[in-house]
Amino acid sequence: MSEVYVVLNGDNVGDELGDNIVNDNVQGFQESSNKFNQARGKLDQLAQQQGGKVIVSNGDESVYCLPQESAESFAQAAMQSFESDSGKTLTVGIGSSLREGLTVSAGTSPRRILQ
């Protein structure tokens, strides 16, 4: 069974957090941070349910190692879950190595999955 790296990056998450900081909106910053943390926590659970492991999950980026056969279905489910829970979309990169997954994710248009 081959494994791949799935890199998820929250689109415009930093903008929402940054707006709260610029406006000195402490409550808004806390609420936004909690919302994103909870949404990301669901993605961590989803990856583990599909036989994956969490490599890193913080801020607006998460990296998972998953069986190749479940990576694309995980990515689709993650995109739907994150948008439903946070109101933000995800950009996804899938690669055979951590480096490849990160590189693909960085060059991907928002709301897309590239392998």
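Shown above is the structure to which this text applies.
Computed from a predicted model, the values in this text were never measured in an experiment.

By secondary structure assignment, the location of S62 is in strand β3 (residues 61–67). Under the relative-accessibility criterion, S62 is labelled buried at 2%. Within the structure, S62 has its side chain in polar contact with the side chain of S57 (distance 3.1 Å). The residues touching S62, leaving out its near neighbours within four places in the chain, are V6, V7, L8, R40, V56 and S57.

This part takes up the environment of D60. Positionally, D60 belongs in the loop between β2 (53–58) and β3. Along the backbone, D60 and V13 are 47 residues apart, and their C-alpha atoms lie at a distance of 6.3 Å. The residues contacting D60, other than those within four sequence positions of it, are L8, N9, G10 and V13.

Enumeration according to the criterion identifies 3 salt bridges in this entry. A salt bridge links K88 to E16; the nearest nitrogen and oxygen atoms lie 3.6 Å apart. Within this pair, whereas K88 is found in the loop between α3 (68–86) and β4 (90–95), its partner E16 is found in helix α1 (residues 13–22), the two being separated by 72 residues in sequence. Of the two residues, K88 and E16, both sit in the buried class. Of the charged contacts, one joins D85 and K42 as a salt bridge, the two residues approaching to 3.3 Å between their closest N and O atoms. Highlighted residues: D85 in helix α3 and K42 in helix α2 (residues 26–49), separated in sequence by 43 residues. D85 sits in the partly exposed class, given a relative accessible area of 28%. Its relative accessible area of 45% is what places K42 among the partly exposed residues. Each member of the salt-bridge network shares a partner with another, and the members are E16, K35 and K88.

What counts, and where the lines are drawn
- Residues numbered from 1 in each chain as written.
- Predicted model: local features only at pLDDT ≥ 70, side-chain atom pairs only at ≥ 80, totals over all residues.
- Heavy atoms only, no water.
- Helix = DSSP H or I, 4+ residues; strand = E, 2+ residues; numbered from the N terminus.
- Buried < 20%, exposed > 50% of the residue type's maximum accessible area, 1.4 Å probe, protein only.
- Polar contact = N/O pair within 3.5 Å; in protein donor to acceptor, adjacent residues only side chain to side chain.
- Contact = heavy atoms within 4.5 Å.
- Salt bridge = Lys/Arg side-chain N within 4 Å of Asp/Glu carboxyl O.

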